[in-house]
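# Overview (structure and organization)
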Amino acid sequence: MKRFGYILMMLLCTLLFSSCGEKNSNGQNRYLIYYVDSDGAGLVSEEYQAATPPEDTVNLIRELFTQLKTGGTEGIYKTPVAPEVEVNNFQIKETQLSVYFSAGYNAKTGIDEILSRAAIVKTLCQVEGIEHVEFYIEDQPLMIAGNDVGLMDADSFSSGLSESQEKQSKKAALYFADDSGKKLVAVFAAVTYDAAKPFAQLLVEKLIEGPENLDINSSAVYPSVPPNTVINSITIRDNICYVDFSREFNERLEAVSSDVTIYSIVNTLCELSNVNRVQFTIAGEFQEQYGETKDFHAAYERNLNLIKGGN
């Protein structure tokens, strides 16, 4: 069990996500099929009685995709999977579902794409055993604003999403340096987000900005990541978060050990439910050493020993 699990703050109870979409909780093989509302401003859902038994996961997913291509029972909603978009294939690996769409998916952009993606993911994550979904267009990962979207789950999308992409807040654990620069301090802060940017990227951005920009009570925490660092990309696959930084990441903070810098990022990202390890590259290349820390090319697990007052 994660030591410092982040918790969801109160979300807006709007028409957009009028139901939480639990996994077949009524035992009657019923699911919520999510659609984009007729105004294109949010999501609506309809309860659906599946004909395929829940243990037949492959055919159940096919059946749900068939429903996603409709406009609901009355055909009045916008379909998240447009008629011209084909689901070429999908693969299940443990709790992850990889969906391969045809190139027609790229016709959706902006809020329409975000809402359609949210509808698909929230529908499919109700299938027993499916916790995360990732999208491919033909054989390439879905890219948004130059970043690989990676794994998504039902909580990846703001419940207050609207045409203005109203922002929400989520409580998260962030790890910064202590006054010695040799230990980590965990602080809990509300991170404002929307569905357009991966939450993992927002967390690392907060680390780069430093604790002085957070609304926290403690003043005994200090920056842990070089402030000029640029995040080139962040991708989550198979529970590993791949982070590529600009070369400015090597402009280390003088008073902070390299281990503290590394594990401030690793421990923060490993608070996410779909991240167990973090692997770094610099400008797209592996680097053998970071400061005094060797084997920087390896995938890092969380380190509780560096936490001040910890084990």
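Residues numbered from 1 in each chain as written. Predicted model: local features only at pLDDT ≥ 70, side-chain atom pairs only at ≥ 80, totals over all residues. Heavy atoms only, no water.

## Structural notes on the environment of Gln-28
Residue placement: Gln-28 occurs in the segment before strand 1 (30-36). The exposure class of Gln-28 is partly exposed, given its relative accessible area of 40%. For the pair Gln-28 and Pro-54, spaced 26 residues apart in the sequence, the C-alpha separation amounts to 9.6 Å. (Helix = DSSP H or I, 4+ residues; strand = E, 2+ residues; numbered from the N terminus. Buried < 20%, exposed > 50% of the residue type's maximum accessible area, 1.4 Å probe, protein only.)

## Structural notes on unusual backbone geometry
Backbone geometry at Glu-94 places phi at a positive 55°, although glycine is not the residue there. Along the chain, Glu-94 falls in the loop between strand 3 (87-93) and strand 4 (96-101). The phi dihedral of Glu-138 falls on the positive side, at around 55°, and the residue is not glycine. For Glu-138, a relative accessible area of 39% corresponds to the partly exposed category.

## So, helix 2 (residues 110-124)
The α-helix advances 3.6 residues per turn, and as a result positions three or four apart in sequence lie on the same side. The end-to-end C-alpha distance of helix 2 is 22 Å, a good match for the 21 Å that 15 residues give at a rise of 1.5 Å each. Of all 15 residues that make up helix 2, twelve are buried, and the element is covered over most of its length. Taken as a whole, helix 2 has its buried residues at Glu-113, Ile-114, Leu-115, Ser-116, Arg-117, Ala-118, Ala-119, Ile-120, Val-121, Lys-122, Thr-123 and Leu-124. (Expected span 1.5 Å × (residues − 1).)

## Digging into the packing of helix 3 (residues 199-209) against helix 4 (residues 258-269)
For the pair helix 3 and helix 4, interaxial distance at closest approach is 10 Å and the crossing angle is 145°. The hand of the helix 3/helix 4 crossing is right-handed. Contact with helix 3, carried on its side by Ala-200, Leu-203, Val-204 and Leu-207, involves Ser-264, Ile-265, Thr-268 and Leu-269 of helix 4 and no other residues of that element. When the residues that make up the contact of helix 3 with helix 4 are grouped by side-chain class, the tally is six nonpolar, two polar and no charged. (Axes fitted to C-alpha atoms, helices over the stretch in contact; angles between N-to-C directions. Left-handed = near helix turned anticlockwise from the far one by under 90°. Contact = heavy atoms within 4.5 Å. Nonpolar A, V, L, I, M, F, W, Y, C, P; charged D, E, K, R; others polar.)

## Remarks on the sheet that holds strand 11 (residues 231-237)
One open sheet accounts for four strands, arranged 11-12-13-16; its pairing is mixed. A strand with exactly one partner marks an edge of an open sheet, and here the two such strands are strand 11 and strand 16 (299-300). By the bridge criterion, six bridges tie strand 12 (residues 240-245) to strand 13 (residues 277-282) in an arrangement that is parallel. Considered in strand 13, the bridge of Val-243 is made with Phe-280. (Pairing = 2+ DSSP bridges.)

Keep in mind these numbers describe shape, not what the thing actually does.
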